[in-house]
Amino acid sequence: MTGFSKGIRKVEVALKWDPSPAGQPPTDLDIVAATFVSADAYGTPAYLVHFDSRSPDGTIFLNRDSTDGKGFGWDEVMTLELDRLDGRYTRVVVGVVIQQRAAHKAFVDVLDPAMRIREGYTVLAEDDFGSVLGATAATIAEFVRDDSGEWAFRPGVHGFDEDPADFPRVMGRAR
């Protein structure tokens, strides 16, 4: 019997946190997605998608952006239409980075951070960053295209101590 799996097709990555206490500088977390081509699957991203950009073909985009966590529900939301990505892209890594403006902040300094990854109504992963409290950035998802063209989800939260400018260069490296 052959399978009828279509793999992962379209996912939503959501991030939330509580605002900083009164008198404290705002806390700003950002979702970042990096795409990789098969010839350089663990090297330099082909392109990045974040608060200031979207994918050239419109398949990965930020639906909602917050600079302070003062939204209702999920503060940042990114959609990845993996089934529409060109065949040369074989890997997408999604991460979260804490902006380092007024003071050095790690996840331990963020009030009630949480992330959720889902496909439709199916939750693929949820986390509170408790395993990476000392990190300033983290990868939260990896999507890999197999030889048949189907996308698979590889969960896991992995912390980094990188500033926002350096994180995109290292987030896709092999662990």
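Please read all numbers here as calculations on a predicted model, not as lab measurements.

Asks: Explanation requested: unusual backbone geometry in the structure shown.
Replies: Across the chain, the bulk of peptide bonds are trans and the bulk of non-glycine residues have phi less than zero. One non-glycine residue, D112, lies in the positive phi region at around 50°. Tracing the chain through its elements places D112 in strand β7 (residues 111–119). Phi is positive for F129, which is not a glycine, with a value near 65°. If you trace the backbone, F129 turns up in the loop between β8 (122–127) and β9 (137–145). According to the relative accessible area criterion, F129 is buried, its value standing at 0%.

Asks: What is the right way to read the nonpolar core from this model?
Replies: One recurring pattern in soluble globular proteins: nonpolar side chains tend to sit buried together. Counting residues in hydrophobic clusters, the biggest one holds 36 residues, and the most contacted among them are V94, F129 and F143. Not counting residues within four places of it along the chain, the set of residues in contact with F143 comprises I8, V11, L82, T90, R91, V92, V94, I117, W151, A152 and F153. Core analysis: the second largest hydrophobic core is formed by 10 residues, A34, V97, V170 and M171 among them.

Asks: What's the story with the pattern of salt bridges in this structure? I'm lost.
Replies: Pairs may arise between side chains of opposite charge once their charged atoms sit close together. Summed over the entire model, instances satisfying the criterion amount to 10 salt bridges. Salt-bridge contacts for E81 lead to K10; the nearest nitrogen and oxygen are separated by 3.9 Å. Residue E81 is found in strand β5 (residues 76–81), and its partner K10 is found in strand β1 (residues 10–18); the two are separated by 71 residues along the sequence. Accessibility expressed as a relative area gives 45% for K10, which makes it partly exposed.

Reading the values: the criteria
In this numbering scheme, every chain counts its residues from 1 along its sequence in written order. Since the coordinates come from a predicted model, pLDDT governs what is reported: local features require at least 70, and pairs of side-chain atoms require 80 or more to be given and counted, while whole-chain, interface and lining totals use all residues. Note that the side-chain values use all heavy atoms of the structure and ignore hydrogens as well as water. Secondary structure counts use DSSP, requiring at least four H or I residues in a row for a helix and at least two E residues in a row for a strand, with both numbered from the N terminus. A 1.4 Å probe rolled over the protein chains alone gives each residue an accessible area, and that area as a share of the maximum for its type sets the label: buried under 20%, exposed over 50%, partly exposed in between. Grouping buried Ala, Val, Leu, Ile, Met, Phe, Trp, Tyr and Cys residues that are joined through side-chain atoms within 4.5 Å yields what is termed a nonpolar core. Contacts: residue pairs with any heavy atoms within 4.5 Å of one another. Any Lys or Arg side-chain nitrogen found within 4 Å of a carboxyl oxygen on Asp or Glu counts as a salt bridge.

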